[in-house]
Amino acid sequence: MSEPTGEAADANVSVHEGITYADREAGEMELDLYLPGEERPPLVVYIHGGGWIAETRDNVPDPARYAAEWGCAIASVSYRLAEVPDDAGPEMQGMYDPTNPTPRGAFPAHFVDVKAAIRWLRANAAEYGYDAERIAAWGSSAGGHLALLAGVVEDVMDLGAAFDGELKKSVAPDTSGAVQAVVSWYGLTDFTFAADNAPGIPSLLLGGPASDRPKRFEQASPITHVSADSPPTLLMHGRADEVVAVEHSRRFFDALDEAGVNAVFYELHDRNHVWAERIKDIESERVAMDLLTTEPTPSQSVYSATHVDEGETPEPLLDTALPAGPAAIEQFLARTIK
């Protein structure tokens, strides 16, 4: 087992930074691991946002704190980011940081890496001491999309024929890449819907416009793959989101409900992307949790889908009196992977 490389805010959390989980042609893919003091905790795999082209695995809400408070190991993972061409529009050029050290690659490389990280983490659970059978994926924005896709597509090779030849399992190939629960913050769920709402980044990500690549847009959409076997899911989304429309989470919640999958959906009435009140105030995910815990509690509506067989007792995913934020996520994790 590698030695801890950082000091956590909580003395009972050990931090292992820069663990290489895959060696790609574009460079090494790394993750940071935060381990609470308890024995064999469950694991939360965090997938950062940034429009699939920007940010790093450091873009995560206070992982040491929440590893300690939730009693869960947290792994924040890097994944290959898309290249931004010179003729890209000002929105993408504004997000692109040429100094970002994260290796680059074309989709589905993003998803291939996320699944590789999950398999690597499961295969190496005994070395670090967390429970390989209790894993949740949590992501924000583009990371929310990847977390949801990791939830509804059990094996990376099942993503779809539109990506044949681009799907590979070189990391722990015989280990399961499934997760047992998903938390999504304002994640995109349907590229076919997004095609009419945000044509720039989806077209860059998927190699052309939806009219030219309909199967890629469809198969890259988590909503396409929802089934009765999909894991329980917690969705949180701002009703005023100008980057990823709240309709993405609404449609996904309805699809889970129709498939008989337990889910909870929080709509925050006046919140934009990354929980900001105005789009010009958007900061990073590092401070996003703080914006959910401010006083007074943001206005929100909560929708719960709890499915139960005849004669059995309903077991809701969480007490919906809890506001969106760390307490709700903690209870959701306690009822799904703890």
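Use the structure listed above.
Residues numbered from 1 in each chain as written. Predicted model: local features only at pLDDT ≥ 70, side-chain atom pairs only at ≥ 80, totals over all residues. Heavy atoms only, no water.

*Asks:* Would you take a moment to explain the overall build of the protein for this structure?
*Replies:* A count of helical and extended segments in the protein gives 11 helices and 10 strands. Against the compact-globule benchmark of 20 Å for 338 residues, the protein has a radius of gyration of 19 Å, which places it among compact chains. Each of the three principal axes of the protein carries a C-alpha extent, and together these read 50 × 45 × 40 Å. Looking at the protein as a whole, 56% of its 338 residues qualify as buried. Sequence-distant contacts in the protein: of pairs separated by 6 or more residues, those separated by 24 or more amount to 75%. (Helix = DSSP H or I, 4+ residues; strand = E, 2+ residues; numbered from the N terminus. Rg over C-alpha atoms; globule rule 2.2 N^0.38 Å. Buried < 20%, exposed > 50% of the residue type's maximum accessible area, 1.4 Å probe, protein only. Contact = heavy atoms within 4.5 Å.)

*Asks:* Please clarify how the side chain of Ser284 should be interpreted in this entry.
*Replies:* Summarising the element assignment, Ser284 is placed in the loop between strand S9 (263–268) and helix H10 (288–292). With near-sequence residues (within four places) excluded, Ser284 lies in contact with Glu55, Asn59 and Val274.

*Asks:* How should I be thinking about the nonpolar core in this particular structure?
*Replies:* The nonpolar side chains of soluble globular proteins are, as a tendency, buried together. One finds Leu33, Leu43, Phe107, Phe111, Leu121 and Tyr130 to be the most contacted residues of the largest nonpolar core, which totals 70 residues. Filtering out sequence-adjacent residues up to four positions away, Tyr130 remains in contact with Leu33, Leu35, Arg40, Pro41, Leu43, Ala73, Leu121, Asn124 and Ala125. Grouped together as the second largest cluster of nonpolar side chains are 36 residues, Met236, Val274, Met289 and Ile329 included. (Core = buried A, V, L, I, M, F, W, Y, C linked by side-chain atoms within 4.5 Å.)

*Asks:* Which parts of the structure should I look at to understand the pattern of salt bridges?
*Replies:* When the charged atoms of two side chains with opposite charge come close together, those side chains can pair. Inspection of the entire model under this criterion finds 17 salt bridges. When the shortest N-O distance is used, the salt bridge between Asp113 and Arg24 registers 2.8 Å. Separated by 89 residues along the polypeptide, Asp113 in helix H3 (residues 109–123) and Arg24 in strand S2 (residues 14–24) bring together distant segments of the chain. The same class applies to Asp113 as to Arg24, namely buried. The closest approach of N and O atoms between Glu30 and Arg57, which form a salt bridge, is 3.1 Å. (Salt bridge = Lys/Arg side-chain N within 4 Å of Asp/Glu carboxyl O.)

*Asks:* Looking at this structure, I do not really get the pairing of strand S3 (residues 27–35). What am I missing?
*Replies:* In the case of a regular strand, side chains alternate between the two sheet surfaces. Counting buried residues in S3 gives seven out of nine residues, a clear majority hidden from the surface. Examined bridge by bridge, S2 and S3 share eight bridges and lie antiparallel to one another. Across the sheet, Thr20 pairs through a bridge with Glu30, a residue of S3. The loop that links S2 with its antiparallel partner S3 comprises two residues. Across four bridges, the pairing between S3 and strand S5 (residues 73–77) is antiparallel. (Pairing = 2+ DSSP bridges.)

*Asks:* Could you clarify how one ought to interpret the pairing of strand S8 (residues 233–238) in this entry?
*Replies:* Within S8, six of the six residues are buried, which leaves it mostly tucked inside the rest of the structure. Side chains of S8 alternate between two faces, with Thr233, Leu235 and His237 and Leu234, Met236 and Gly238 buried alike. In this structure, strand S7 (residues 181–185) lies alongside S8, joined through four bridges in parallel fashion. By the bridge assignment for S8, Trp185 is matched with Met236. Pairing of S8 with S9 involves six bridges; the strand directions are parallel. When the bridges of S9 are listed, Leu235 appears paired with Phe265.

*Asks:* How should the packing of aromatic side chains be read in this particular structure?
*Replies:* To describe a pair of aromatic rings, one takes the distance between the centres and the angle between the planes. Per the counting criterion, the structure on display carries 13 aromatic pairs. Centre to centre, the rings of Phe253 and Phe265 are 5.9 Å apart; their planes meet at 35°, and the pair counts as tilted. Of this pair, Phe253 sits in helix H9 (residues 247–259) while Phe265 sits in strand S9, and the two are 12 residues apart along the sequence. Across this residue pair, the class does not change: Phe253 and Phe265 are buried. (Phe/Tyr/Trp six-rings, centres within 6.5 Å; stacked < 30°, edge-to-face > 60°.)

*Asks:* Help me understand a negative patch on the surface, please; the structure alone is not making it clear to me.
*Replies:* Together, Asp309, Glu310, Glu312 and Glu315 make up a negatively charged patch on the protein surface. Relative to the helices and strands, Glu312 is located in the loop between strand S10 (300–305) and helix H11 (326–336). Among the residues examined, Glu312 registers a relative accessible area of 52% and is labelled exposed. (Patch = residues over 30% accessible without salt bridge, like charges linked within 9 Å, V, L, I, M, F, W, Y side chains within 5 Å. Areas by Shrake-Rupley, 256 points an atom, 1.4 Å probe, with all protein chains shown as cover. Lys, Arg positive; Asp, Glu negative; His and termini not counted. Charge placed at Lys NZ, Arg CZ, Asp CG, Glu CD.)

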